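# Close look at the chain arrangement
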Amino acid sequence: MSDKPECGGKAPALSVAQARQALLDAVTPVVGWEMLPIRTALGRVLSRDLVAPFDVPAHDNSAMDGFAVRAADLKAEENRLELVGTAYAGGAFSGQVGPGQAVRIMTGAVLPRGADTVVMQEAARLEGDGVILPAVSRPGQNVRRAGEDLAAGRAALLAGRRVGPAELGLLASLGLAEVAVHRRPRIAFFSTGDELASIGRPLGPGEVYDSNRYTLYGVLSRLGMEVLDLGVVRDDPAALERAFTEAAAEADAILTTGGVSVGEADYIREIMGRLGEVRFWRIDIKPGRPMAFGRLGDTWLFGLPGNPVAVLVSFYQIVLDALYRLQGLDPLPVRPSFRVPCDSPIRKLPGRREFPRGVLFQAEGEWRVRLSGNQGSGVLRSMTDADCFICLPEDRGNVSPGDLVEVEPFGRVL
Ligand code: AMP
Ligand code: MG
């Protein structure tokens, strides 16, 4: 990262895909892990492969309430077998199923020795001390095989997987009380701008409340990061330098908002470059054009734009994958998108990738999308009222009502 900060508007231009990839290529997972009780590990990222210590299920067992039999005994249209016992889930039948015999069996009960097939109860008719069963269409039917879910010695979950509800259940099914996870990355963030007021005091003339620290708190917390809120820092080089230096001593990454364009009071990239290394780009994205990325010691620096919507769009579209990688996630989560007709006209010039915010709705059984109101890059209501990004590629021009557009529903962090 030796690029000198560039002057004026001459910063190198990157596509959204290139910018996302550049961050991803640079960032590596945090070092350090801890053992946690599995419930506490919810949302965390596994730091080691988990090998199944035994087969799951541990035994062949019945998938149905019914009768455990030998398939070879059920050749005729109707077959009478002698009932010799019952197998319960948690109460195995200790005997053996011999030729011409059947054992009544409950779902989850261990398949008795000798039996190879289960006939479901609904197909059976009890008669005296026997049972009448139809022909078996498929030997082995309604039996769950030992190791069918997880085979002993095989990886049940790979390192890099986030622990969700299903993973918790799977860990429990292996009898594991604790699990090794990556430590949580610590992310420091601060807002920059002389016009910013913190909530809790009245606004002075020309001031606006700082909202970016709250949206960043929201997305970072949902990601499962340890967050370090460093407040508002004035557009003052000495104060900014202090903030970067202090934050870098504590955090794995620093996110700043504002002060990254080419105005008089935009010091961020210059200071990042002075203290550490920096790359500065003009990204072909709307909203969110300028962005700085760098490193200060062992700490990653992300200088986001100031406009509140641009913060969330550039965070989500450019920075997020790098933070996933910092957490140790592998593979990165997919972001499904699909094409739907758009009801709203959208003005767009070819050149930049644009992410207007949309609302998905159904009309006559078909999914459609419309714009979520005023799309100004400072208008947070375009995010709060939305549930998806409308992703308009670089070469796209205006959208007319009824045109197909790509939509990307907000994922678990927005
Ligand atoms: P800047 O990139 O610093 O020039 O900021 C661009 C615009 O975003 C200006 O209108 C700022 O007032 C606004 N802005 C910057 N930071 C914040 C913030 N933390 N909260 C709300 N608005 C902000
Ligand atoms: Mg500013």
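I will try to describe carefully the structure that is included in this document. For clarity, every value in this text was computed on a predicted model and none was experimentally measured. (Residues numbered from 1 in each chain as written. Chains lettered and ligands numbered in written order. Predicted model: local features only at pLDDT ≥ 70, side-chain atom pairs only at ≥ 80, totals over all residues. Heavy atoms only, no water.)

### What about helix H4 (residues 237-250)?
Since the α-helix advances by 3.6 residues per turn, residues separated by three or four positions end up pointing in the same direction. Given a rise of 1.5 Å per residue, 14 residues ought to cover 20 Å, and the 20 Å separating the end C-alpha atoms of H4 matches this to within 8%. Residues of H4 that are buried in the fold lie against strand E14 (186-192), strand E17 (226-233), strand E18 (253-257), helix H5 (268-275), strand E21 (290-296) and strand E22 (299-304). (Helix = DSSP H or I, 4+ residues; strand = E, 2+ residues; numbered from the N terminus. Expected span 1.5 Å × (residues − 1). Contact = heavy atoms within 4.5 Å.)

### Here we look at the site of ligand 1
In the vicinity of ligand 1, 13 residues are found, and the nearest of them are Glu195, Asp210, Ser211, Asn212 and Gly259. Measuring from a nitrogen atom of ligand 1, one finds a side-chain N or O atom of Ser191 at 3.4 Å. At 3.2 Å from a nitrogen atom of ligand 1 is found a side-chain nitrogen or oxygen belonging to Asn212. Contact with the protein chains covers 75% of the free accessible surface of ligand 1, which is 480 Å². Of the residues that constitute the shell around ligand 1, the class distribution is three nonpolar, eight polar and two charged. (Near = heavy atom within 4 Å. Polar contact = N/O pair within 3.5 Å; in protein donor to acceptor, adjacent residues only side chain to side chain. Areas by Shrake-Rupley, 256 points an atom, 1.4 Å probe, with all protein chains shown as cover. Nonpolar A, V, L, I, M, F, W, Y, C, P; charged D, E, K, R; others polar.)

### Digging into the sheet that holds strand E9 (residues 125-127)
Read from one edge of the open sheet, six strands run E8-E5-E7-E6-E10-E9, paired in mixed fashion. Either end of the sheet is taken by a strand with one partner, and the two such strands are strand E8 (117-120) and E9. Looking at each pair of strands side by side, their axes are set apart by 40 degrees on average, direction ignored. Where strand E6 (residues 78-87) lies against strand E10 (residues 130-134), five bridges are found, and the strand directions are antiparallel. Within E10, the position partnered with Glu78 by the bridge is Pro134. (Pairing = 2+ DSSP bridges. Axes fitted to C-alpha atoms, helices over the stretch in contact; angles between N-to-C directions.)

### Some thoughts on unusual backbone geometry
A cis amide bond links Val56 with the next residue in sequence, Pro57, at an omega value of -5 degrees. For Pro57, the position within the fold is in the loop between strand E3 (50-51) and strand E4 (61-62). Phi at Asn142 is positive, roughly 60 degrees, even though this residue is not glycine. In this structure, Asn142 sits in the loop between E10 and strand E11 (143-144). Unlike most non-glycine residues, Glu364 shows phi in positive territory, near 50 degrees.

### Structural notes on the packing of aromatic side chains
Under the defined criterion, the tally for this structure stands at seven aromatic pairs. Note on Phe190 and Phe244: the rings are 5.3 Å apart at their centroids and 75 degrees apart in plane angle, and the pair reads as edge-to-face. Of this pair, Phe190 sits in strand E14 while Phe244 is found in helix H4, placing the two residues 54 residues apart along the sequence. What makes Phe190 buried here is its relative accessible area of 1%. Residue Phe244 is classed as buried on the basis of its relative accessible area, which comes to 0%. Across from the ring centre of Tyr316, 4.8 Å away, lies the NZ or CZ of Arg335, which sits over that ring. (Phe/Tyr/Trp six-rings, centres within 6.5 Å; stacked < 30°, edge-to-face > 60°. Buried < 20%, exposed > 50% of the residue type's maximum accessible area, 1.4 Å probe, protein only. Lys NZ or Arg CZ within 6 Å of the ring centre and 35° of its normal.)

### Concerning a nonpolar patch on the surface
A cluster of nonpolar side chains, namely Ile199, Leu203, Tyr209 and Tyr214, defines an oily patch on the protein surface of about 380 Å² accessible area. With relative accessibility at 36%, the residue Tyr209 sits in the partly exposed group. (Patch = residues over 30% accessible without salt bridge, like charges linked within 9 Å, V, L, I, M, F, W, Y side chains within 5 Å. Salt bridge = Lys/Arg side-chain N within 4 Å of Asp/Glu carboxyl O.)

### A short note on the environment of Ala172
Mapping Ala172 onto the fold places it in helix H2 (residues 165-173). For Ala172, a relative accessible area of 46% translates into the label partly exposed.

### Quick word on the sheet that holds strand E26 (residues 366-371)
On the basis of which strands lie adjacent, the open sheet formed by five strands has the order E23-E28-E27-E25-E26 and antiparallel pairing. For this open sheet the edge positions go to strand E23 (338-341) and E26, each flanked by a neighbour on one side alone. Mean inter-strand twist for the sheet, computed between neighbouring axes without regard to direction, equals 50 degrees. Sheet topology places E23 next to strand E28 (residues 404-409); four bridges connect them, and they run antiparallel.

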